[in-house]
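Okay, here's what each chain looks like letter by letter:
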Amino acid sequence: MNTRIKSLLVPAVLVVVVLLLPRFITSSYWLNLINLAISFSIACLGLNIVLGYTGQLSLAQAAFWGVGAYTSAILTTQLGLPVWAGIFAAFFVAALCGVLLGIPTLKLSGHYLAMATIGFGIIVQLILVNEIWLTNGSDGITKIPSPWIGSFELKDPATFFYVAAVSLILLTWGAIHLKNSRVGRAFMAIRENEMAAGTTGVDTTYYKIMAFALSAGYAGVGGWLFAHGGSHYISPDTFSFDQSVILLVMTVLGGNGSAIGSIVGGTLLTLLPEVLRFLKDSYMMVYAAGIVLIMIFMPRGIAGLVSNMPISLRLRTWWNADSVATLQVAATASSRENSGGSQKAFTPRDCSGSGEVLLTVKGLAKHFGGLKAVDGVDMAVRRGEIQALIGPNGSGKTTILNMLSGLYVPTAGEISLGGAAIAGKKPHIITSLGMARTFQNIRLFGELTVLENVLIGRHCHSRAGLFTSILRLPSQKAEEAAIRAKALEMLEFVGLNGKEFAQANSLPYGQQRLLELARALASDPQLLLLDEPAAGLNAAETEALVGLLFQICTRGVTILLVEHDMNLVMNVSDHITVLNFGKKIAEGSAEEIEKNQEVIDAYLGTEVGNA
Amino acid sequence: MDWSTNLQMVVAGLAMGSIYALVALGFVLIFNAVNVVNFAQGEFAMVPAFVAVWLMSYLNLSFAMTCVITVVFMGIFGIVFERIAYYPLRNRSFLPVIISTIGVGIFLKNGAQLIFGAEPLSMPRPTSPEALNFFGVFVDPQYIVIILCTLALLGFQYFFFEKTMLGKKMLATAQDKQMARLLGIRVATMIAVTFVYSSILGAAAGILVGPIFFVTKDMGAMIGVKAFCSSIVGGFGSIPGAILGGLFLGVIEVFAAYYVSSAYRDAFAFIILILVLLLRPQGIFGEKIAEKA
């Protein structure tokens, strides 16, 4: 079956299902319940964006859902706003609340965010109850109008179902597109490893707030459906903390990170109470026990269970068959282009640089309380060279790399990269100015594929924004193809071709190091910082790494290297800087350093009291 | 505004703040031990309040007897809680554990409603309902009891962590589990003990606060979230921070409810929380800790 027919298959099935469902389910009670399930599912889709994609726990989804419902209800009943315009008002007001809540809290992670969102939910409920002039207090808002098409009112549950179903389908389609886009990958990079996301070029604060706002906006649309369908009545107690928890459970039960899972979870748990009616008062207890059991026994939810079944594996292979083939063609093409050029033509001396200074560091210092980890270091890295930064353990090497890459703010000193002052700038800005790094303890986006890891490396050289990503516009497709070509080239370069679709975590240690290198190179850095790239590698792998370093250098990338393997350092470095106790004690060529008495003392510790 | 009203409010604020501080300590001790925020911490105060009401009102036990039984009950409760909500998920990331503690919290709330009914219960007062008159400042004696009991507990806790081997082992476990294990400390046991201790703190909070509020299934939720706010305001992970943050929030809340708006009384804790997060994320007494690269 060709791609065109495949791409029409899903829409065709959906149209048939949506058109036929009200024919088979005629009871308006059940149709109302289905509409409610759709409203919940949309809120869950939103929660899935912030929790599943971005890894931030929000416990205010019901509050955003309520903000959407109330916004549209107030505007349509009091100001006579058309009901259809209410959707946009619900989306944007909820999203705005998301931004306002996100700005103070998203700088922090996990627990703080979760608790701050609970607080937000409580404040929203207090406002709904107390600001009677606006919300009519605990009595709620009644007689909320239905949407109209021409002179036809979409009032009965069967016709409102079409509105709900179309919203759900469009929003799901958006959420799925988002996942495989530049923005979605930035979200997932934050989830997998926030620090590495920053040094790979992702503005983590910006994307977290974006995810939060989008998630709130989705909830707002869900709230719109709730207000204008069903009983046409809303009151504050619907939008409680307990409801937020229920939305969370729906999302997690369905399968955190899976858009379809959110819908399954949302629908299942809306209909389940009907089945569990006989439990009466103990219903919430059964529900709560269910949450704990799901966490223990089904960590990846229903989506996780289903996607591991043999039938779905086969189905996925069939579905992806064409796109995988296309990718492989692209991969071989890029490798052919490559092999002619740099690979064989290197000699170590090719690397000696132009002499122009790329990175200047002056008086750099970092103090942690009383500890002077780095204390007034000057150094310069020349373009085209491989420079090494060595020193005994605790001499401040990694601290310097962390300041260079923006993870630490220096206590004092200047850093300039190609003329731009970068000291104290955010990691993603430094990355976009042309510096990339790897980490001593590898920091990959473990749950993502090898290819996705490298694609994120191209983040700062691509521009697709939220709406281009969701709508999958032609410009986004072209950019995506370019990113892929570059990523495949990088994988080929480090020798990971053929592993594109493996999960990054599943690679053996040595290959994980190579993948981190490929990800760093994908951002086209002028300066590459490598923090102990040979740590944990065996002799053969180290030798391959040396070859790779020379090749990277030949491509015009300057390297600053922290390494304990002295053979490697002496072998590759044009210039070596030696640190001890946060101060520079020597610099020069490999020969000079080998003979320097102070360096020998530092490593062998002849001075009394230095050990 | 006259000074005696203000002083009365200070005492009331310190009393409520003591409750927040006790529950906040429970949060912090568990967080330090297992790096997870226990979202059912408020229920650690709700459950003993119900147990105490039941013992006193239905079994007609004396106050002292009730305290002993409730503390023992909560000790066992702490172990059971740890085995269900934390232990099976100990090797996973914080998210599943948080969700699981939320689940247990909802279970407890609805369990309490199922057993004791939805009507608010009132706990018999161990102190006289007559306000004491200190030179024109009228103070509910229960407030004094709350503040004194909290001080006594804090004193005991200081002694426990500074002077006893068990306390030292718990601190060592919180600092570095692997090293503690290498030194022969039974880390799993220490974690269980931490949960027990934390839930006993909850027992104290529940018994102390019971007489001034009605005992309801929802009483724990608000105490829990405010206690958490306290621990962040004070500096998360810091024991003195949790205590001072609790007292601070308790007092601020009473004053804000009186002078600003009583309808939004429950919102002030969060407004302060958000202000602190914006201006001084490490908390008033905390130190900034950066993740290691």
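Residues numbered from 1 in each chain as written. Chains lettered and ligands numbered in written order. Predicted model: local features only at pLDDT ≥ 70, side-chain atom pairs only at ≥ 80, totals over all residues. Heavy atoms only, no water.

A. View of the overall build of chain A. Within chain A, the secondary structure is distributed over 25 helices and 12 strands. When its C-alpha atoms are laid out on the principal axes, chain A stretches across 90 × 60 × 45 Å. Within the span of chain A, comprising 611 residues, buried residues form 56% of the whole. Within chain A, contacts between residues separated by at least 24 positions form 76% of all contacts whose residues are at least 6 apart in sequence. (Helix = DSSP H or I, 4+ residues; strand = E, 2+ residues; numbered from the N terminus. Buried < 20%, exposed > 50% of the residue type's maximum accessible area, 1.4 Å probe, protein only. Contact = heavy atoms within 4.5 Å.)

B. Fine view of the overall build of chain B. A tally of helices and strands in chain B yields 11 helices and two strands. A compact globule built from 293 residues should have a C-alpha radius of gyration of about 19 Å, and chain B, at 19 Å, falls within 12% of that. Each principal axis of the C-alpha distribution contributes one length, and for chain B these read about 60 × 50 × 35 Å. A buried classification covers 53% of the 293 residues belonging to chain B. For chain B, the proportion of contacts with a sequence separation of at least 24, taken over those separated by at least 6, is 73%. In the form shown here, chain B has an accessible surface area of approximately 13,000 Å², with 68% of it arising from carbon and sulfur atoms. Taken as two groups, the 17 positive and 13 negative side-chain charges of chain B have centres that lie 13 Å from each other. (Rg over C-alpha atoms; globule rule 2.2 N^0.38 Å. Areas by Shrake-Rupley, 256 points an atom, 1.4 Å probe, with all protein chains shown as cover. Lys, Arg positive; Asp, Glu negative; His and termini not counted. Charge placed at Lys NZ, Arg CZ, Asp CG, Glu CD.)

C. Structural view of the pattern of salt bridges. All told, the structure shown has 18 salt bridges over all chains when counted by the stated rule. Residue Lys208 of chain A pairs with Glu194 of chain A through a salt bridge whose shortest N-O separation is 2.9 Å. With Lys208 of chain A in helix H10 (residues 204-228) and Glu194 of chain A in helix H9 (residues 194-199), this residue pair connects regions lying 14 residues apart in the sequence. Two residues, Lys217 of chain B and Asp218 of chain B, come together in a salt bridge whose shortest N-O distance is 3.6 Å. The class for Asp218 of chain B is partly exposed, based on a relative accessible area of 40%. (Salt bridge = Lys/Arg side-chain N within 4 Å of Asp/Glu carboxyl O.)

D. Region of the structure containing the sheet that holds strand E11 (residues 575-580) of chain A. Residues and elements named next belong to chain A. Spatially, six strands are ordered E8-E9-E10-E5-E11-E12 in an open sheet, and the strand pairing comes out mixed. Of all the strands in the sheet, just strand E8 (435-437) and strand E12 (583-588) have a single pairing partner and so form its edges. The sheet shows a mean angle of 20 degrees between the axes of neighbouring strands, direction not considered. Pairing analysis gives five bridges linking E11 to E12, with the strands arranged antiparallel. Looking at the pairing, Asn580 lines up with Lys583 of E12. Helix H16 (residues 397-404) contacts strand E5 (386-390), E8, strand E9 (527-531), strand E10 (558-562) and E11 of the sheet and is inclined by roughly 145 degrees relative to E9. (Pairing = 2+ DSSP bridges. Axes fitted to C-alpha atoms, helices over the stretch in contact; angles between N-to-C directions.)

E. Spotlight on the confidence of the model for chain B. On average, chain B scores 88 in pLDDT, and the residues at 70 or more come to 97%. When the criterion is pLDDT under 50, residues 289-293 of chain B qualifies, and its contacts beyond four places in sequence or with other chains add up to 13 contacts. (pLDDT = per-residue confidence, 0-100.)

F. Just the environment of Ala203 of chain B, in detail. Residues and elements named next belong to chain B. As for its placement among the helices and strands, Ala203 is situated in helix H8 (residues 187-209). Its relative accessible area of 0% is what places Ala203 among the buried residues. Separated by 28 residues in sequence, Ala203 and Gln175 have C-alpha atoms that sit 26 Å apart. If we skip the residues at most four places from it in the chain, Ala203 touches Phe44, Pro48, Val71 and Met74.

G. Spotlight on the domain arrangement of chain A. With domains assigned, chain A is organised as domain 1 (48-239), domain 2 (242-304), domain 3 (309-339 + 443-524) and domain 4 (341-434 + 525-611). Computed from C-alpha coordinates alone, the two centres of domain 2 of chain A and domain 4 of chain A are separated by 52 Å. (Domains from an automatic or database assignment.)

H. Seen up close, the interface of chain A and chain B. Listed as interface residues are 45 residues of chain A and, on the opposing side, 45 residues of chain B. Ranking the residues of chain A by area buried against chain B places His111, Met115 and Met285 of chain A at the top, with a combined share of 19%. Connecting chain A to chain B are one salt bridge. One salt bridge in this structure joins Asp242 of chain A and Lys109 of chain B, with 3.7 Å as the shortest N-O distance. At the junction of chain A with chain B, the criterion picks out two residue pairs in polar contact (both at pLDDT 80 or more). When contributions to the side of chain A that touches chain B are tallied by element, the ones reaching two or more residues are helix H4 (83-105), helix H5 (110-130), helix H11 (241-255), helix H13 (283-297) and H16 of chain A. Among the elements that line the side of chain A that touches chain B, the one with the most residues is H5 of chain A, at 13 residues. Of the residues contributing to the side of chain A that touches chain B, the split by class is 31 nonpolar, 10 polar and four charged. (Buried area = accessible area lost by both parts, 1.4 Å probe. Polar contact = N/O pair within 3.5 Å; in protein donor to acceptor, adjacent residues only side chain to side chain. Nonpolar A, V, L, I, M, F, W, Y, C, P; charged D, E, K, R; others polar.)

I. Examining the pairing of strand E6 (residues 412-417) of chain A more closely. All names here are of chain A. The sheet contact formed by strand E3 (residues 357-368) and E6 spans five bridges and is antiparallel. Paired with Lys362 across the strands is Glu414, a residue of E6. Bridge count between E6 and strand E7 (residues 420-421): two bridges; the pairing is antiparallel. Bridged to Ser416 within E7 is Ala421. Counting the residues between successive antiparallel strands, the hairpin from E6 to E7 contains two residues, one of them, Gly418, with a positive phi of roughly 55 degrees.

J. View of the packing of aromatic side chains. Considering all chains together, one arrives at 27 aromatic pairs over all chains under this definition. Plain terms: the ring middles of Phe44 of chain B and Phe81 of chain B are 4.9 Å apart, the flat faces sit at 90 degrees to each other, and that makes the pair edge-to-face. Pair noted here: Phe44 of chain B is in helix H2 (residues 43-57) and Phe81 of chain B is in helix H3 (residues 63-86), with a separation of 37 residues, a long-range link. Judged on exposure class, the residue Phe44 of chain B and its partner Phe81 of chain B are both buried. Grouped by ring-pair contacts, the aromatic residues Phe40, Trp65, Tyr70, Phe226 and Phe239 of chain A constitute a single cluster. (Phe/Tyr/Trp six-rings, centres within 6.5 Å; stacked < 30°, edge-to-face > 60°.)

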